[in-house]
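# Topology and contacts: notes
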Amino acid sequence: MRKIRPSNENEMVYEFLKMEIESERFNDSIEAVLKEMHICKSIITNANITSQQENATRAEILRRFRGYNNEELFENFPTNIEWVWTKFDRDDIPKIIYIEYSYWNELSNYTGSPLEAAKTILSGKTVYDVPNDGSIKGAEKLKQGHKFPPLIFLTDKHEERYIILEGHARMTSYGLVPELFQDVTVLLGYCDTKELNKWYGQMPMRTA
């Protein structure tokens, strides 16, 4: 992993929403929040992250959408996070893990590893009757030269593990073709170890 440039919380919120509004799984939920707030989609797709008003609005969208910043996925979310744009490579994959969640736990044989999840998928096994088609199609796109949007991870000063905050499905596709996990853009958040453990350990029943 190598650092590229500093980032910040406002950029993280924007990137999170931008990536998930393109997701088949979460698009409808974000669209419903935008409709409820009478806000145009362009605040995500054509954002101005230097605007305090826009940043506050996007934070509110993420609060309603995923509980930012102390409910649901973000319950016990670390404070004072240092956000940095980075580039990851194949050698970093063994340190990358899913959040604690029943589906990802079982898919990865309770290791949290996308590489182990790939083994499960390649064996033909499905978890909770969820098809593996999306991950396989994603891997095929990577083979064809498609570039995925950035991922979002959390870590601490020890960097012994990189916990996925956003991008579980994309990381699973990378697990199927780890040789293509090269020069991958990741928005990485550094936080206090105790706070990281508290957030990570409080999520067994949450949606990834």
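Look a little higher up for the structure.
Residues numbered from 1 in each chain as written. Predicted model: local features only at pLDDT ≥ 70, side-chain atom pairs only at ≥ 80, totals over all residues. Heavy atoms only, no water.

### Some points on the overall build of the protein
Test applied: Secondary structure counts use DSSP, requiring at least four H or I residues in a row for a helix and at least two E residues in a row for a strand, with both numbered from the N terminus. Throughout, radius of gyration means the C-alpha value; the globule benchmark is 2.2 Å times the number of residues raised to the power 0.38. Each residue gets one of three labels from its accessible area relative to the maximum for its type: buried under 20%, exposed over 50%, partly exposed in between, using a 1.4 Å probe on protein chains only. Throughout, a residue-residue contact means that at least one pair of heavy atoms, one from each residue, lies within 4.5 Å. Per-residue accessibility takes into account occlusion by the displayed protein chains alone, with areas from the Shrake-Rupley method and a 1.4 Å probe.
A count of helices and strands for the protein gives 9 helices and 6 strands. A compact globule built from 208 residues should have a C-alpha radius of gyration of about 17 Å, and the protein, at 17 Å, falls within 12% of that. Each principal axis of the C-alpha atoms in the protein carries an extent, and together these give about 50 × 35 × 35 Å. Buried residues in the protein amount to 51% of all 208 residues. For the protein, the share of sequence-separated contacts (at least 6 apart) that also reach a separation of at least 24 residues comes to 73%. Only carbon and sulfur atoms are counted for the fraction: they give 46% of the accessible area of the protein, which is about 10600 Å².

### Describing the pattern of salt bridges
We count it as follows: Any carboxyl oxygen of Asp or Glu within 4 Å of a side-chain nitrogen of Lys or Arg constitutes a salt bridge here.
Under the criterion given, the structure shown has 13 salt bridges. A salt bridge links Arg58 to Glu54; the shortest N-O distance between them is 2.7 Å. Within this pair, Arg58 and its partner Glu54 are both found in helix α4 (residues 52-66), separated by 4 residues, close to a single helical turn. Classification of Glu54 as partly exposed rests on a relative accessible area of 22%. Between Glu140 and Lys143 there is a salt bridge, with the nearest N and O atoms lying 3.3 Å from each other. Of this pair, Glu140 and Lys143 are both found in helix α7 (residues 133-143), 3 residues apart, which corresponds to roughly one turn of the helix. For Glu140, a relative accessible area of 36% gives the class partly exposed. We classify Lys143 as exposed; its relative accessible area is 53%. Connected via shared salt-bridge partners are Glu36, Glu60, Arg63 and Arg64.

### Some thoughts on the nonpolar core
Counted only if it meets this: Only buried residues count toward a nonpolar core, which is a set of Ala, Val, Leu, Ile, Met, Phe, Trp, Tyr and Cys residues joined through side-chain atoms within 4.5 Å.
Counting residues in each nonpolar core, the largest one holds 63 residues, and the members touching the most others are Met12, Phe153 and Leu165. Those residues in contact with Met12 that lie beyond four places of it in its chain are Tyr68, Phe77, Trp83, Ile152, Leu165 and Leu187.

### A look at the side chain of Glu166
Relative to the elements of secondary structure, Glu166 occurs in strand β5 (residues 162-166). A residue is classified by how much of its surface remains accessible, and Glu166, at 3% relative accessible area, is buried.

### What to know about the pairing of β5
Put simply, the rule reads: Pairing between strands is defined by DSSP: at least two bridges between them are needed.
Burial of β5 is extensive: 5 of the 5 residues sit out of reach of the surface. Note that strand β4 (residues 151-155) and β5 share 3 bridges and pair antiparallel. Residue pairing in the sheet places Phe153 in a bridge with Ile164 of β5. Counting the residues between successive antiparallel strands, the hairpin from β4 to β5 contains 6 residues, one of them, Glu159, with a positive phi of roughly 55°.

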